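One letter stands for each residue in the lines below.
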Amino acid sequence: MPQQPNPASMRNFLIVWLGQLVSTIGSNMTGFAIEIWAWEITGKATTLTLVGFFSLLPSIIITPISGVIVDRFNRKFLMMVGDTVAVFSTIIILLLHLTNNLQIWHFYLTGAIVGTFNQFQSLAYSASVSLMIPKQHYTRASSLEFLSGYGSQIIAPALAGYLYTIIGFSGIWLIDICTFAIAIGSLLLVKIPQPVPTNTNENVANIWQDLGCGWRYIATHQILLALLIINLLFWLPHDIGNSLYSPMILSRTNNNTLVLGSLAAAAGFGGVTGAIIVSTWGGFKRKIKGVLLGMIGAGFSKIVFGFGRTPSIWIPAQFFSSLNFPLNGSSNTAIWLEKVPANVQGRVFAARSLLLQIASAVGYLIAGPLADRVFTPAFQSEGVLVGILGGLFGSGSGAGIALLYVICALCMLLVGFLGFFIPLLRDVEDILPDYGR
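Because the structure is a prediction, the values reported are computed rather than measured. (Residues numbered from 1 in each chain as written. Predicted model: local features only at pLDDT ≥ 70, side-chain atom pairs only at ≥ 80, totals over all residues. Heavy atoms only, no water.)

1. Quick notes on the overall build of the protein
Right, on to step 1. Across its full length, the protein carries 17 helices and 0 strands.
Right, on to step 2. Buried residues in the protein amount to 55% of all 437 residues.
Right, on to step 3. Across the protein, every contact between residues at least 6 apart in sequence was considered, and the portion connecting residues at least 24 apart equals 86%.
Right, on to step 4. With an accessible surface of roughly 18,200 Å², the protein has 69% of that area assigned to carbon and sulfur atoms. (Helix = DSSP H or I, 4+ residues; strand = E, 2+ residues; numbered from the N terminus. Buried < 20%, exposed > 50% of the residue type's maximum accessible area, 1.4 Å probe, protein only. Contact = heavy atoms within 4.5 Å. Areas by Shrake-Rupley, 256 points an atom, 1.4 Å probe, with all protein chains shown as cover.)

2. Observations regarding helix α13 (residues 345-378)
Right, on to step 1. With 34 residues, α13 should reach 50 Å at 1.5 Å per residue; the first-to-last C-alpha distance of 46 Å fits that figure.
Right, on to step 2. At A371, α13 shows its largest kink, close to 45 degrees. (Expected span 1.5 Å × (residues − 1). Bend = angle between axes of the 7 residues up to and from the residue.)

3. Digging into the packing of aromatic side chains
Right, on to step 1. Enumeration according to the criterion identifies 10 aromatic pairs in this entry.
Right, on to step 2. Here W281 and F284 contribute two aromatic rings whose centre-to-centre distance is 4.8 Å and whose plane-to-plane angle is 80 degrees, an arrangement assigned as edge-to-face. (Phe/Tyr/Trp six-rings, centres within 6.5 Å; stacked < 30°, edge-to-face > 60°.)

4. Digging into the nonpolar core
Right, on to step 1. Within the largest apolar cluster, 109 residues are counted, with the highest numbers of intra-cluster contacts made by F13, I249, I288, F305, W336 and V348.
Right, on to step 2. Excluding residues within four positions of it along the chain, F13 makes contact with Y125, V129, M132, I133, A141, L144 and E145.
Right, on to step 3. Grouped together as the second largest cluster of nonpolar side chains are 6 residues, F53, L56, I60 and A361 included. (Core = buried A, V, L, I, M, F, W, Y, C linked by side-chain atoms within 4.5 Å.)

5. Some points on a nonpolar patch on the surface
Right, on to step 1. A contiguous nonpolar surface patch, about 350 Å² in accessible area, is contributed by L236, I358, V362, L365 and I366.
Right, on to step 2. The dominant element in the nonpolar patch, judged by the number of residues it contributes, is α13, at 4 residues.
Right, on to step 3. Note that L365 resides in helix α13. (Patch = residues over 30% accessible without salt bridge, like charges linked within 9 Å, V, L, I, M, F, W, Y side chains within 5 Å. Salt bridge = Lys/Arg side-chain N within 4 Å of Asp/Glu carboxyl O.)

6. A short note on unusual backbone geometry
A negative phi angle is the norm for most residues apart from glycine, just as the trans form is the norm for most peptide bonds.
Right, on to step 1. Within the chain, N100 stands out as a residue other than glycine whose phi angle is a positive 60 degrees.
Right, on to step 2. Topologically, N100 is positioned in the loop between α3 (75-98) and α4 (104-132).

7. As for the packing of helix α8 (residues 222-243) against helix α11 (residues 287-307)
Right, on to step 1. Two numbers describe how α8 lies on α11: the axes approach to 12 Å, and their chain directions differ by 15 degrees. With respect to their mutual orientation, α8 and α11 come out roughly parallel. Considering only the axes of α8 and α11, their crossing is left-handed. Contacts between α8 and α11 pair L227, I230, N231, F234 and H238 from the former with I288, M295, A298 and K302 from the latter.
Right, on to step 2. Of the residues assigned to the contact of α8 with α11, the class counts are 6 nonpolar, 2 polar and 1 charged. (Axes fitted to C-alpha atoms, helices over the stretch in contact; angles between N-to-C directions. Parallel < 35°, antiparallel > 145°, perpendicular 65-115°, else oblique. Left-handed = near helix turned anticlockwise from the far one by under 90°. Nonpolar A, V, L, I, M, F, W, Y, C, P; charged D, E, K, R; others polar.)

8. Description of the pattern of salt bridges
Right, on to step 1. This structure, assessed with the given rule, holds 3 salt bridges.
Right, on to step 2. We note a salt bridge from K287 to E338, for which the minimum N-O separation is 3.2 Å. Residue K287 is found in helix α11, and its partner E338 is found in helix α12 (residues 311-339); the two are separated by 51 residues along the sequence. Side by side, K287 and E338 carry an identical accessibility label, which is buried.
Right, on to step 3. We note a salt bridge from R426 to D427, for which the minimum N-O separation is 3.9 Å.
Right, on to step 4. Taking the relative accessible area as the measure of exposure, D427 reaches 24% and is therefore partly exposed.
Right, on to step 5. Salt bridges here are not isolated pairs; linked through shared partners, they connect R286, R426 and D427.

9. Some words on the side chain of S331
Right, on to step 1. By the element assignment, S331 lies in helix α12.
Right, on to step 2. Using a relative accessible area of 2% as the deciding quantity, one classes S331 as buried.
Right, on to step 3. Polar contacts involving the side chain of S331 include one to the main-chain carbonyl oxygen of L327, which spans 2.7 Å. (Polar contact = N/O pair within 3.5 Å; in protein donor to acceptor, adjacent residues only side chain to side chain.)

10. What to know about the environment of G398
Right, on to step 1. In this fold, G398 is placed in helix α15 (residues 397-419).
Right, on to step 2. On the basis of relative accessible area, G398 is assigned to the buried category, the value being 3%.
Right, on to step 3. Residues G398 and T376, 22 residues apart in the sequence, show an inter-C-alpha distance of 7.3 Å.

11. Things to note about the confidence of the model for the protein
Right, on to step 1. Per-chain confidence: the protein averages 79 in pLDDT, with 85% of residues scoring 70 or above.
Right, on to step 2. Looking across the protein, the model is least confident in helix α6 (residues 204-210), with a mean pLDDT of 52, and most confident in α11, with 94.
Right, on to step 3. Across residues 1-8, confidence stays below pLDDT 50; counting only partners more than four residues off in sequence or on other chains, it has 15 contacts.
Right, on to step 4. Considering only residues more than four positions removed or in separate chains, one finds that residues 200-205, a stretch of pLDDT under 50, has 5 contacts. (pLDDT = per-residue confidence, 0-100.)

12. Structural notes on helix α9 (residues 245-252)
Right, on to step 1. Burial within α9 is extensive, with 6 of its 8 residues counted as buried.
Right, on to step 2. Here α9 has its buried residues at Y245, S246, P247, M248, I249 and L250.
Right, on to step 3. Phi turns positive, to about 60 degrees, at N254, one or two residues after α9.

13. A few points about the environment of W39
Right, on to step 1. Along the polypeptide, W39 turns up in helix α1 (residues 11-42).
Right, on to step 2. Each C-alpha atom of the pair W39 and N255 lies 8.5 Å from the other, and the pair is 216 residues apart in sequence.
Right, on to step 3. Apart from the residues within four sequence positions on either side, W39 is in contact with K44, A45, L48, P247, L250, S251 and N255.

Shown next, in the form of structure tokens:
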């Protein structure tokens, strides 16, 4: 029998959260090392963006059924499977490196495999939050997720940059394996409640019938649809710019990994600061304000970042950019948790995740070719934009990427402003009641 929700205790949530924090630090260390390794070998932005694309592609395919599986099967087990697959993939990469057989395409393949199972893991976790903690802590719990993600950005780049010269690529991957083991161990320590199913007849026909349930729920609630659309319009340009962030900095600093690591740490400090503020404060009473103001703040900060050419501009801009995402993300997540019934959250969140992943995949797929074939050539010595915008962005490959980055940031800023002029979106919390009322 499924366990009944226990809204009184955050103990289990905090144990799982701490395990995932440790795991995220390990994953970010290896991700930092992969970016440096791939850029030094190819010098192409497309190489790095394709790693992100192939990580997303299989999960897009599996997302429609993942929501049904999360709502029907043991969520704790699904989370453990995701961590276990990640461990085995990391071991394979480590063995390939030790035998001098590691190639770029191996990251595409393992990224695709891990991305698929991560979809089950992250969806199972997201859909379990409302069963593990009381409603009044939804925004705080979401902010803790940002604290975990950004906190790891403070620790991971510094550790990776320092340890890379001591224990090498293989040593960092061994650390990642250990962190995954801690994450799995944290799951073994807790009980994660299961939702009360909508029906007890779980045959194959019903499972296939349920595949469209999440999308139908969003489509029949126009307010949630409006919220989803505004997020898609924000995250598409964000992911295009974000995928080009490392190539832009490396090309402008002659592959200075210390600067890249410092910027990652600045982003981490900004995100942690924002998460602590939101966790302590609890966010705006009208959460949609947090969503839209977070978009505006992030877009403005990234515009400044794109125009910068030195760490003295990049570091504070990166800090203030990341400061906005806990406010935006935790407010957005809290709205979805409040408005969607627990027993269909897996399917609804899967539908939302599918569309956001498609937007991200499109962003990763077009970002590299745009940078390498359009914007970078335009800022070479004979490029068409050197005379027009060279004074603002300089010249060379980093200048072209910077222009594309600023265009994306401007789109993010405008999306946030647009949201305040759409009554259906601006009044989302007044029009659509909480499902528990």
